[in-house]
Amino acid sequence: MRYLASDIFKKISIYILTVSLVISGKIIEGEDRKESIEWEKRGEVFMRVYQDTIEDSRYETNQEIDSRFKWKNKFKFRSFPIILGINLEARYQALVGEDTEKDLDLLLKEAYLKFTKPSYSLKIGRQTVTWGKLDDIIVLDRVNPQEYKWFILWDKQERKIPVFMAKYDYYGNNYQIETVIVPFFKPSYVRFFGSDWAVFGHLKEVIEDGSYSQSIKNIIKSIKVHEKDRFSEQVLENMQGGIRVKGTFKGIDWSIYYMYFYNDTPTLRERTSKGNTVKKFLYIPTNSNLSQLVAQNPSGDDLILDREYSRLHIIGVDFETVAGNYGLRGELGFFYNKPFLRENFSYIEKNTLCAGIGIDHTTSGNLYWNLQFIEDIVFSYENLFSQEEYSHQITSTFSKDFLRGKLTFGVDSSYRISYHDWMVNPNFTYNFNGRLSILVGGFIFEGASTTLFGRYAKKDVIYFQTTYKF
Amino acid sequence: MDNKSSYASWGKISMAVLKITLIWLVCLWGVLLYGEDLTGREIMEEAFNRYDGDDAYFKMEMKLVDKKGNERKRLLEIYTKDYGNLIKTFIKFIFPPDIEGVSFLSWENQDKEDTQYLYLPALGRVRRIVSTQKNLRFVNTDFTYEDMQRRRPEQDTHTLLRESSYKDYNCFVVESIPKKGSSQYSKRISWVGKDNFVILKIEFYNKKGKKIKEYRIKELKKIAGIWTPTEVIMEDLIDGHRTLMKTLKVKYNQGVDDAIFSIRHLQED
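Presented here is an overview of the structure given in this document.

Conventions we followed
- Residues numbered from 1 in each chain as written.
- Chains lettered and ligands numbered in written order.
- Predicted model: local features only at pLDDT ≥ 70, side-chain atom pairs only at ≥ 80, totals over all residues.
- Heavy atoms only, no water.
- Buried < 20%, exposed > 50% of the residue type's maximum accessible area, 1.4 Å probe, protein only.
- Helix = DSSP H or I, 4+ residues; strand = E, 2+ residues; numbered from the N terminus.
- Contact = heavy atoms within 4.5 Å.
- Buried area = accessible area lost by both parts, 1.4 Å probe.
- Salt bridge = Lys/Arg side-chain N within 4 Å of Asp/Glu carboxyl O.
- Arc of directions from axis to C-beta.
- Pairing = 2+ DSSP bridges.
- Polar contact = N/O pair within 3.5 Å; in protein donor to acceptor, adjacent residues only side chain to side chain.

Quick notes on helix 6 (residues 274–283) of chain A
All names here are of chain A. Counted residue by residue, helix 6 has 8 buried out of 10 residues, so it is predominantly covered. Burial in helix 6 covers these residues: Gly275, Asn276, Thr277, Val278, Lys279, Phe281, Leu282 and Tyr283. Taken together, the buried residues of helix 6 touch helix 3 (203–209), helix 4 (214–221), strand 11 (267–270), helix 7 (287–295), strand 12 (304–308) and strand 14 (326–341).

What follows is the structure, given as C-alpha cells:
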C-alpha cells in the first residue's frame, strides 16, 4: 500500500508534465497577451570550472566541471485561476583527476499546479519554498533538503532540492497563514566517501594504497554507510509538515513557525558498540585511532553505519524591518531533539536554540555590506564532538558595482568564532549585455581538520563561470 | 438683405464678438492669475497636483547610454495608483534576462517614510528594503530613487525666476531649494509649462552648487486627456552618461486591481 501511494504521486508529477507539454503546443504568444494562456519562460546555460590551487595528494580532483541548462516555464490561465510551473534542468558534471567521474542528468526540477483565489492559494507538486529572513544561513529555512555534493560552493538557494509537497496559503486582512505538507521524506545529498567534497574525503583510497597490512585494508574497505529502508522508501509515515503565520506590525514584518520535520542532514548511527570506534577513526583519522579500531577486530555489522535522520519539533520566529538607512532581520529557532555526536562518538539528541541577526546597508559610495551574527546554544550540555555549548558565527558580504553595474566585485565570508575555522569567497562578475556574464572567483577554507571549513583546508579553489541567460 | 436676415447676421456677428471678448477676458484673467500673481510655490503646487489619472499602467523602455554611445536596454512595466495620502507603485522588469523577474513595490506615504519591498528571483523571497537612501542610483540609471519619486512642494522653498520657453512651450522657470537637507541636491531649477503645468526640464545642482544633471522631456502627448511625457532623458553632466525612457504603452484609469500592490503579488507574479 505504501508503494502505491508513492507511485500515485510520481504519476501526478508525470501527468503535470504531460499536460504542460500539450498546453505549450497550443499557446500563441502575443504582445497584448490576450490569449487564454500566458506563457512566461526563461532559461540559462552556464558552465563553472573549478581549479584546485595546490595538489596536496594524488587522489585530489584537479578540476571540477559543473555545467547546467535551466529552463523555467510558467503558464497562467486566463479563464481559470491556475498557474502551472515546469522547470527543467540538464546537468553535466565531471570530477577530473586520476579517476575521472562524469555525470549527465536530465531533471524535472519543479512541476506544480497552483490554484489561486483572492483569499487563498493551493500549490501542489514538486516545488521549492523559502522561509526565514537571513541570507545564506539555515535556521528556519528547512522545508527543502540541500545538495551538498559540492559542499557550499553553491549558495543556499541553489543548493535546495525541490520536493513534492502541498502548500496552502490563506490571506487574511493583515496576516497570512502558510502550511506545507511534505508527504515523503527526501534527505539532503551528502556524500561520505570518494570525493574531495565528501565528508571523509579520500580516506578509503589513502588506506587502500598505503603501506598498511591487508587486514587493515580489508577493515577500512568494508566500512559502509547505509540508508535505512524507512528513509529510502517513499512512505507516508515519513510525512513532514509546517505552518507559518506572518504579518506586519508597526513597520516590522514578523513570522511565527511550527515545523515537524526531519533533520535532513544525516547522522551516522552505529549498529554495534564497535561502530563508535569506526566513527572515531573516520572523523579523526590518526594512526592511534586506526590501531584502536583494528584492535577490536571489527567485522560485519560493526563496520556498517546507518544514516539516521532525527525527527525535529521546531518552533521559531523571524522579523525584518528597516531602521534609518539600515536593514535589520533576524531568526530564532528552538529545536527539540537535534542529533549530536558525543565525544565517544555515540549518538545523542539535545534540545538547542539557534538565533541569528543580520544588518545590511548601502553606503553613499554604493558599497553594499551585510553582516550576520549567529549563536547556537545546546541545552543540557555534555561534552560533544566538535560542538560547543555556546557557539558563535559571523558571516559577511561586501559588494560594489563599477561601470554602472557591468562589473561587480564581491566578497562573502563566514567565520565560526568558536571553532576558529573560516571560509572566504571573493568574486568578480562582468556582465556584457544583460544576457552574457563571466565570473572569476575563489574559495579559501581554513581551520582544524575536525571543523566544518577546516575539513576542506586543502581544497582551496579558483573558479571561472560563464552564464548566458535567455 | 431683409431685416430678418440682417438681424440674424448682426446677431451672429454680435455673438462672435461676445465669444471672442469672453475668450480674451478668460485669457487675460489667466495671464493675470498664472502669469503675474502665481508664486513659485503655487506653480510647483499646480505641477504637483496636476491630474495624472487615478491609476495608470505603463510599459517602458529604458536605455542606458554611456559617453561612447554604448547602449543597454531594459523593459519594465509600471502600475501605479493614487489613494489620496498614499501612492502605490509596482514595477516589474521584463528585459534583459539578467534582471527579468525583479520586482519592486513602493507605498509612498505622505507623513512617514515610504515602505518598499524588492523581490529578487535568486533570493526566492520578498525583502523589505531601505527607502531613505534616496541618493542611490535606481538600477544603475541616471535617476536616483529621489528622482523617481514625486517631490512634495512643501519640501522646498520655491522662487519664480523668470519666464522662458522650452521647445514650443512657454514656461515658468522655478528655483527650488530643499528645506533642512531633505535632498541630495542643493537646488533644482524647473521649467514648468504655463499651459499644462508639466515639468518639462529640470536642472540639478550638487551641494557645491555645480550643475550635475539635466532632465528633459523629449516628447509630450495628451493621452486620454492627460499630458503624458512619452520620451524623457536624464543626463549626467559629469560623466556624460544618459538614461532615456520611452513609454511604449500607457493606460489610464483602467481600475488597476488593488491586489497588484500587495506583497503577495510581488512574490507570486
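Let's pick the thread back up.
Observations regarding unusual backbone geometry
Note on backbone geometry: most residues besides glycine have negative phi, and most peptide bonds are trans. The omega angle of the peptide bond from Phe95 of chain B to Pro96 of chain B is 0°, so this bond is cis rather than trans. By secondary structure assignment, the location of Pro96 of chain B is in the loop between strand 3 (86–95) and strand 4 (103–109). Residues other than glycine seldom take positive phi values, yet Lys250 of chain A does so here, at roughly 50°. Summarising the element assignment, Lys250 of chain A is placed in the loop between strand 9 (240–249) and strand 10 (252–262). Here Lys250 of chain A falls in the exposed class, since its relative accessible area comes to 74%. Unlike most non-glycine residues, Leu403 of chain A shows phi in positive territory, near 50°. Among the structural elements, Leu403 of chain A can be located in the loop between strand 17 (390–402) and strand 18 (407–416).

Concerning the interface of chain A and chain B
Many authors give the size of an interface as the accessible area that is lost as the parts come together. Taken together, the 52 residues of chain A in the interface contact 36 residues of chain B. Summed over both partners, the interface of chain A with chain B comes to about 3100 Å²; 38% of that surface belongs to carbon and sulfur atoms. Contact with chain B buries surface across chain A, with Arg42, Val322 and Arg404 of chain A losing the most and accounting together for 23% of the total. If you look at where chain A meets chain B, you find 9 salt bridges.

Topic: helix 2 (residues 40–49) of chain B
Residue and element names in this part refer to chain B. For helix 2, the set of buried residues is Gly40, Ile43, Met44, Ala47 and Phe48. Relative to the axis of helix 2, the buried residues are bounded by an arc of 135° and lie together on one face. Buried residues along helix 2 sit in contact with strand 7 (156–166), strand 8 (169–178), strand 9 (187–193) and strand 10 (199–205).

Focus on the pairing of strand 6 (residues 125–129) of chain B
Residues and elements named next belong to chain B. Among the 5 residues in strand 6, 5 count as buried, and that is most of the element. A two-sided burial pattern is seen for strand 6, the buried positions comprising Arg125, Arg127 and Ile129 on one face and Val126 and Arg128 on the other. Two strands pair when backbone bridges link them, and strand 5 (residues 115–120) and strand 6 are joined in this way by 5 bridges, in the antiparallel orientation. Considered in strand 6, the bridge of Gln116 is made with Ile129. Counted along the chain from strand 5 to the antiparallel partner strand 6, the turn is 4 residues long, and its residue Gly124 has a positive phi close to 75°.

Quick look at the side chain of Thr467 of chain A
All names here are of chain A. Tracing the backbone through its elements, the reader meets Thr467 in strand 21 (residues 461–469). Under the relative-accessibility criterion, Thr467 is labelled buried at 5%. In this structure the side chain of Thr467 is engaged in a polar contact, spanning 3.1 Å, whose partner is the side chain of Gln465.

As for the pattern of salt bridges
For the coordinates displayed, the defined rule picks out 58 salt bridges over all chains. Note that Arg128 of chain B is salt-bridged to Asp253 of chain A, the shortest N-O span being 2.9 Å. Remark: Asp253 of chain A occurs in strand 10 and Arg128 of chain B occurs in strand 6; the pair is interchain, linking two chains. Asp253 of chain A sits in the buried class, given a relative accessible area of 8%. The network of salt bridges with shared partners includes Asp135, Glu320, Arg329 and Asp360 of chain A together with Arg125 and Arg127 of chain B.

Some points on the pairing of strand 20 (residues 436–446) of chain A
Residues and elements named next belong to chain A. Two strands pair when backbone bridges link them, and strand 19 (residues 421–431) and strand 20 are joined in this way by 8 bridges, in the antiparallel orientation. Counterpart to Asn427 in the pairing with strand 20 is Gly441. Counting the residues that bridge the hairpin from strand 19 to strand 20 gives 4 residues, and of these Gly434 lies at a positive phi of roughly 90°. Summarising the sheet, strand 20 and strand 21 pair through 8 bridges and their orientation is antiparallel. The partner of Gly442 across the bridge, within strand 21, is Ile462.

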